[in-house]
Amino acid sequence: MKIKSLFLGSAAAVALSSGALAADPIGIALDTCSMLDITGLTVSSKTNCLKFSGEVSYDWEYTNDSNGDGTTGDDATTSEFGWEFTMEATAPSDFGPAKAVVTLIDEDGTSTSSDVDIDEAYVAIGDQTVIMAGQKGSVLKDGDDETYTALFSLDVIDGDDEGIFAPTPGATGGHVMQITSDLGNGVDVALGLEDLQSSNNASLVAGVGVDQDWGTAHIGFIYDDILSGTSLWDFHAGATFNVDEMSFRAAFSTDEASNWAALVTGKAAFDMFTLAAGVEFFSGNAWEGAISGEAEVNDAVTIAVAGRWDDNSDWDIAAQGVFAVSDNLDLTAKVNFDESSLTVFNADLDWAPGGNDFEAGVGVQFDSNSVVEVSTSFSKTFE
């Protein structure tokens, strides 16, 4: 009852502040939400549909190598929770749905109000063409730059497995003014002024995306510090092509300092298995490549083997099996061997009871240097 009262009280406050008459009762209804085709956890007033969504998670971990130097003797545990809560108020207008969105997060695992962050707080209006302003993420066009290979994701630039953007991309997101437009036939465009919270500064972000039967493609551009005139820019382009049971992908990025990165990858699916290969290149003759094979033995067992190499003569060979213990319980076991003769084994048991967006898992990892990690995780999303 306390949680229900909290949700309804919050809904009433937000709905009243967004234009509902004080004399109108606030309750769970179908009028405005149904008219706007909004479903989920909603509260409707005469003029607004307020939708709630979010996630709560908890993670605990033990290791005997808290320094991360590959040796034992420094035991430690970490206990961390996180949460995210989004309120999205939508009302009809002559230009399309008008929205006010607020997302609060606490990723530090504390319970003090000073650690609650406003992740998003923006307004938006429109349907095919949408105008947005406030604090939110970027409308930058990127993607089409992940390798198809199993077990190993490539990132030759900095090892964070986040695509091939330039090593120091321009600042995006934050305080923004943006516009996006769906031109039809799978083509959309975006333009934004971002990073406006930086004094006397802004980033100009632009992009075009295509999503059609043959695949996807995009170009994205960042011109950073447009008010200071420092001429910092980044360019990103990529495309994915699907031909029957095969897929091919290529991407390229560069910046004003002539840094560049490129990706080429492909996969082919056969009756029981999938073969994939990919390679990333970075200016300065750096490269990293991987190959993999993945087979569905039956409805309950999937196995994969893969290898990775780079220009520094670093390499890894790995094998993994995923076993469906039951309809909602999966066991994943993986072993990895690398050029330093280090063998790492990890196993994860993941439980996802159907229909309630609840997930839980327990994992263990140990290597040939006797380093051990044990972890648990729990999460529940709602909308």
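Preceding this paragraph is the structure being described.
Basis of the calculations
- Residues numbered from 1 in each chain as written.
- Predicted model: local features only at pLDDT ≥ 70, side-chain atom pairs only at ≥ 80, totals over all residues.
- Heavy atoms only, no water.
- Helix = DSSP H or I, 4+ residues; strand = E, 2+ residues; numbered from the N terminus.
- Buried < 20%, exposed > 50% of the residue type's maximum accessible area, 1.4 Å probe, protein only.
- Contact = heavy atoms within 4.5 Å.
- Areas by Shrake-Rupley, 256 points an atom, 1.4 Å probe, with all protein chains shown as cover.
- Disulfide = S-S within 2.5 Å.
- Patch = residues over 30% accessible without salt bridge, like charges linked within 9 Å, V, L, I, M, F, W, Y side chains within 5 Å.
- Salt bridge = Lys/Arg side-chain N within 4 Å of Asp/Glu carboxyl O.
- Lys, Arg positive; Asp, Glu negative; His and termini not counted.
- Charge placed at Lys NZ, Arg CZ, Asp CG, Glu CD.
- Phe/Tyr/Trp six-rings, centres within 6.5 Å; stacked < 30°, edge-to-face > 60°.
- Lys NZ or Arg CZ within 6 Å of the ring centre and 35° of its normal.
- Pairing = 2+ DSSP bridges.
- Core = buried A, V, L, I, M, F, W, Y, C linked by side-chain atoms within 4.5 Å.

Caption draft 1: Summary view of the overall build of the chain. Looking only at helices and strands, one finds two helices and 21 strands in the chain. Per-residue burial over the chain gives 34% buried out of 383 residues. The contacts in the chain between residues at least 6 apart in sequence include a share of 40% that link residues at least 24 apart. For the chain, the computed accessible surface area is about 20600 Å², with 57% contributed by carbon and sulfur atoms.

Caption draft 2: A look at the environment of Ala239. Mapping Ala239 onto the fold places it in strand S11 (residues 232-243). When sequence neighbours within four positions are dropped, the list of residues in contact with Ala239 reads Asp144, Thr216, Ala217, Phe248, Arg249 and Ala250.

Caption draft 3: Structural view of the state of the cysteines. A complete count under the given rule lists one disulfide for this structure. Disulfide partner of Cys33: Cys49, at an S-S distance of 2.1 Å. Its S-S torsion of about 100 degrees marks the bond between Cys33 and Cys49 as right-handed, since a negative value means left-handed. Here Cys33 is found in helix H2 (residues 31-35), whereas its partner Cys49 is found in strand S2 (residues 49-63), with 16 residues between them in sequence. Across the pair, Cys49 and Cys33 agree in class, each one buried.

Caption draft 4: A negative patch on the surface, seen in detail. There is a patch of like negative charges on the surface, built from Glu55, Glu84, Asp117, Asp119, Asp330, Asp350, Asp357, Glu359 and Glu383. By the secondary structure assignment, Asp357 is in the loop between strand S19 (343-351) and strand S20 (358-367). Judged by its relative accessible area of 47%, Asp357 is partly exposed.

Caption draft 5: Spatial organisation of the packing of aromatic side chains. One pass over the full model with this rule turns up nine aromatic pairs. Grouping aromatic residues by their ring pairs yields a cluster made of Phe52, Phe85 and Phe382. Of note, Lys136 hangs over the ring of Tyr122, and the distance from its end group to the ring centre comes to 5.4 Å. Here the guanidinium or amino end of Lys334 rests over the ring plane of Phe152, the centre of that ring lying 5.6 Å away.

Caption draft 6: Just the pairing of strand S15 (residues 286-298), in detail. The pairing of strand S14 (residues 273-282) with S15 spans ten bridges and is classified as antiparallel. Considered in S15, the bridge of Thr274 is made with Glu294. If you look at the hairpin formed by S14 and S15, you'll find three residues sitting between the two strands, and Gly284 has a positive phi there, around 100 degrees. Sheet topology note: the S15/strand S16 (residues 301-310) ladder contains ten bridges and is antiparallel.

Caption draft 7: Geometry of the nonpolar core. Ranked by size, the top nonpolar core spans eleven residues in total: Val101, Tyr122, Ala124, Val130, Met132, Val139, Leu140, Phe165, Ala190, Val205 and Ile222. Those elements giving two or more residues to this core turn out to be strand S5 (117-126) and strand S6 (129-136). Val139 has contacts with Met132, Gln178, Thr180, Ala190, Leu191, Gly192, Glu194 and Val205, leaving out every residue within four places of it along the chain.

Caption draft 8: The arrangement of unusual backbone geometry in detail. Here Asp225, not a glycine, exhibits a phi torsion of approximately 55 degrees, which is positive. By the element assignment, Asp225 lies in the loop between strand S10 (215-224) and S11. Positive phi values are uncommon outside glycine, yet Asn285 reaches one of about 65 degrees. Take Asn285: it is sitting in the loop between S14 and S15.

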